Amino acid sequence: MSLVAGVDSSTQSCKIVIRDAETGRLVREGRAAHPDGTEVHPDAWWTAFQEAAEQAGGLDDVAAIAVGAQQHGMVCLDENGEVVRPALLWNDTRSAKAASDLVKELGGTQAWVDAVNSVPVASFTVTKLRWLAEHEPENAARVRAVCLPHDWLTWKLAGAPGIEAITTDRGDASGTGYWSPAAGRYRTDLLKLAFGATPAVPRVLGPAEQAGTTPGGAVLGPGTGDNMAAALGVGAKPGDVVVSIGTSGTAFAVSDTPAADPTGMVAGFADATGRFLPLACTLNAARVLDAAAAILGVDHNRLAELALQAPPGADGLVLVPYLEGERTPNKPNATGALHGLRLATSTPAHLARAAVEGMLCALADGLDALVAQGVAVRRVLLVGGGSRSEAVRQIAPAIFGVPVVVPPEGESVADGAARQAAWVVLGGENPPQWTLGETRTYEADPTPAVREAYARARELVTDRLA
């Protein structure tokens, strides 16, 4: 039996699953927390990885390892491979003005779509590099290479052999803002436009190409971004839209052609198999549920129970969940808002319902944007920590208007990384076909009135510093 390890280095934690390469059977797993915040020194990821690996019983017996990690994070290294400053994460919105400036400087949103199939927002690496150049010029002057969280972890697993050895994959590279999914190449002119220089960037590997080996001899897969890994983990097919409810919320689908949305609602990313991954992202997802639970002083199970006690639409109580600004729509300085608060709706059940519906309505906006790009939606595959809520599962099909399928409980990103690692070991044109357990399907009558009430409330929220 050949074992493979899949790593999910997310915003909040590091998860490792060890599976049988041929069958996908789970052998063991481990996890460790990451520090909170929107900037983190990469050493914290390495520490968490080591803790998670130890909890999983070690990795000495695995044949291959692949890393899926949070997208966009800016990791800057000097000539010796030392980290120049803590990494700015995808959810750090200080580069919002830089994003706006870069859009204008290239000639507008269509120019960016033509160049890299996406319109940069504060999440994208290219905007963070502009912020660094403008606000920390001494640090910027030390930068000799820039990479992403999964690139850095893969490189560390290889023993950090030198900055020229850093690699990435198409999926994660497509979220930088300076790599073109359609052309399959870096746009170093955009890197220079943003940063004023062209630091070294990782070599882009194919979907099952080796990134090297660990000092212990395990083969390293190319790795990928978390959303690309999740799509691989659940085996998304045409007609499937994956909705992931983690720290961020994402709606994405596998496509044979790249998206090209000049509104910026849909990012035209690549996937981890050689195809493309049109994606809409919200900054606020599972932590909306966290916040509601904290306000009510309950745990997540009780929050779900309360939400299901209130009627659809929560009798007119609407939560616009822009708790940390928002990316879709692009309102990085917006705040959340609660509308329709009356004596009759001032109950824990109404607030719980409004929180779940508000979060799902924001994701449904992203789903609508995918449909506008030609994505067919037959069903939604619901993954991520937030998908464990029974209220989310029952309410989601009413909001999305299609059946919602919940895969077996697991770690979709880590599972996708493990599947990629198995692909590298076993070879073949396609990743191995794993059946990881039974799915559950949820259906409900659509509730368009809930979407309509949310849309009215959403339009009242402004980007207050714009």
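Going by the structure above, here's the rest.
Because the structure is predicted, anything quoted here is derived from the model rather than measured.

The rules behind each value
- Residues numbered from 1 in each chain as written.
- Predicted model: local features only at pLDDT ≥ 70, side-chain atom pairs only at ≥ 80, totals over all residues.
- Heavy atoms only, no water.
- Phe/Tyr/Trp six-rings, centres within 6.5 Å; stacked < 30°, edge-to-face > 60°.
- Helix = DSSP H or I, 4+ residues; strand = E, 2+ residues; numbered from the N terminus.
- Buried < 20%, exposed > 50% of the residue type's maximum accessible area, 1.4 Å probe, protein only.
- Lys NZ or Arg CZ within 6 Å of the ring centre and 35° of its normal.
- Pairing = 2+ DSSP bridges.
- Axes fitted to C-alpha atoms, helices over the stretch in contact; angles between N-to-C directions.
- Parallel < 35°, antiparallel > 145°, perpendicular 65-115°, else oblique.
- Contact = heavy atoms within 4.5 Å.
- Nonpolar A, V, L, I, M, F, W, Y, C, P; charged D, E, K, R; others polar.
- Core = buried A, V, L, I, M, F, W, Y, C linked by side-chain atoms within 4.5 Å.
- Salt bridge = Lys/Arg side-chain N within 4 Å of Asp/Glu carboxyl O.
- Disulfide = S-S within 2.5 Å.
- 1 Å grid on protein atoms, 1.4 Å probe; cavity = no way out; pocket = protein on both sides within 12 Å on 5 of 7 lines; lining within 4 Å.
- Points joined across faces, edges and corners; volume = space filled by probe spheres on them.

Novice: How would you sum up the packing of aromatic side chains? Please name residues and give values.
Specialist: All chains considered together, the criterion is met by 4 aromatic pairs. With a centroid separation of 5.4 Å and an interplanar angle of 15°, the aromatic rings of tryptophan 46 and phenylalanine 49 are classed as stacked. Taken together, the positions of tryptophan 46 and phenylalanine 49, both in helix H1 (residues 42-55) and 3 residues apart, correspond to about one turn of that helix. Just as tryptophan 46 is buried, phenylalanine 49 falls in that class too. With 6.0 Å between their ring centres and 40° between their planes, phenylalanine 124 and phenylalanine 269 make a pair best called tilted. Here phenylalanine 124 is found in the loop between helix H3 (109-116) and helix H4 (125-135), whereas its partner phenylalanine 269 is found in strand E18 (residues 267-270), with 145 residues between them in sequence. For the cation-ring pair, arginine 94 lies above tryptophan 131, with the distance from its terminal atom to the ring centre recorded as 4.9 Å. Lying over the aromatic face of tryptophan 46, lysine 156 brings its terminal NZ or CZ to 5.2 Å of the ring centre.

Novice: If you had to explain the pairing of strand E5 (residues 62-69) to someone new, which residues and values would you point to?
Specialist: Of all the 8 residues making up E5, 7 are buried; the element is thus mostly covered by neighbouring parts of the structure. By the bridge criterion, 2 bridges tie E5 to strand E14 (residues 219-220) in an arrangement that is parallel. Note on E14: the bridge partner recorded for alanine 64 is valine 219.

Novice: Go over the packing of helix H9 (residues 226-234) against helix H14 (residues 412-426) with me, naming the residues and quoting the values.
Specialist: Here H9 crosses H14 at 75°, and the two axes come no closer than 7 Å. The orientation of H9 relative to H14 falls into the category roughly perpendicular. Only Ser412, Val413, Asp415, Gly416, Ala417, Arg419 and Gln420 of H14 make contact with H9, whose side of the interface consists of Asp226, Ala229, Ala230, Leu232, Gly233 and Val234. Grouping the amino acids of the contact of H9 with H14 by side-chain chemistry returns 6 nonpolar, 4 polar and 3 charged.

Novice: A description of the environment of serine 174 should follow, citing residues and the corresponding values.
Specialist: With respect to the helices, strands and loops of the structure, serine 174 is situated in the loop between helix H7 (170-173) and strand E10 (179-180). According to the relative accessible area criterion, serine 174 is buried, its value standing at 1%. Sequence spacing of serine 174 and arginine 19 is 155 residues, and the spatial spacing of their C-alpha atoms is 28 Å. Each residue touching serine 174, except ones within four places of it in the same chain, is listed here: Trp179, Pro181, Met228, Phe269 and Ala270.

Novice: Describe the nonpolar core, naming the residues involved and giving the relevant values.
Specialist: If you look at the biggest cluster of nonpolar residues, it comprises 55 residues, and the most contacted ones within it are Val243, Ile245, Leu360 and Phe400. In terms of residue count, the dominant contributor to this core is helix H12 (residues 348-372) (13 residues). The residues touching phenylalanine 400, leaving out its near neighbours within four places in the chain, are Val243, Leu360, Leu363, Ala364, Leu367 and Val380. Membership of the second largest hydrophobic core comes to 47 residues, among which are Cys76, Leu88, Leu102 and Val242.

Novice: Describe in detail the pattern of salt bridges, supporting the description with residues and values.
Specialist: This structure, assessed with the given rule, holds 28 salt bridges. One salt bridge connects arginine 130 with glutamate 134, and the closest N-O pair in it is separated by 3.9 Å. With a gap of 4 residues between them, arginine 130 and glutamate 134 both fall in helix H4, about one helical turn apart. Salt bridges sharing common partners tie together Glu39, Arg85, Asp92, Arg94 and Glu136.

Novice: A description of H9 should follow, citing residues and the corresponding values.
Specialist: Burial analysis of H9 places 8 of its 9 residues in the buried class, which makes it a mostly covered element. Along H9, the residues that are buried comprise Asp226, Asn227, Met228, Ala229, Ala230, Ala231, Leu232 and Gly233. Of the residues trailing H9, glycine 235 is marked for its positive phi of about 65°.

Novice: Which residues make up the state of the cysteines, and what are the values?
Specialist: Tallying each qualifying case throughout the model produces 0 disulfides. Not engaged in a disulfide, the cysteine cysteine 76 finds its nearest cysteine sulfur in cysteine 147; these two sulfurs lie 8.2 Å apart. Note on cysteine 281: no disulfide assigned, nearest cysteine sulfur contributed by cysteine 361 at a separation of 17 Å. By relative accessible area, cysteine 281 is classed as buried at 6%.

Novice: For empty space enclosed by the protein, give the residues involved together with the corresponding values.
Specialist: For the structure on display, the rule yields 4 cavities of 30 Å³ or more. Taken as a whole, the largest cavity spans an internal volume of roughly 90 Å³. Contributing to the lining of the largest cavity are Gln70, Gln71, His72, Trp90, Asp226, Asn227, Ser248, Thr250, Phe269, Leu279, Cys281 and Arg327. For the lining of the largest cavity, the secondary structure elements donating two or more residues are H9 and strand E19 (276-282). Of the residues assigned to the lining of the largest cavity, the class counts are 4 nonpolar, 6 polar and 2 charged. By volume, the second largest cavity is sized at about 80 Å³. As for the second largest cavity, its lining consists of 13 residues, and the residues nearest its centre are Gly264, Met265, Val266, Ala267 and Arg327. Looking at the lining of the second largest cavity element by element, the count peaks at 3 residues for E19.

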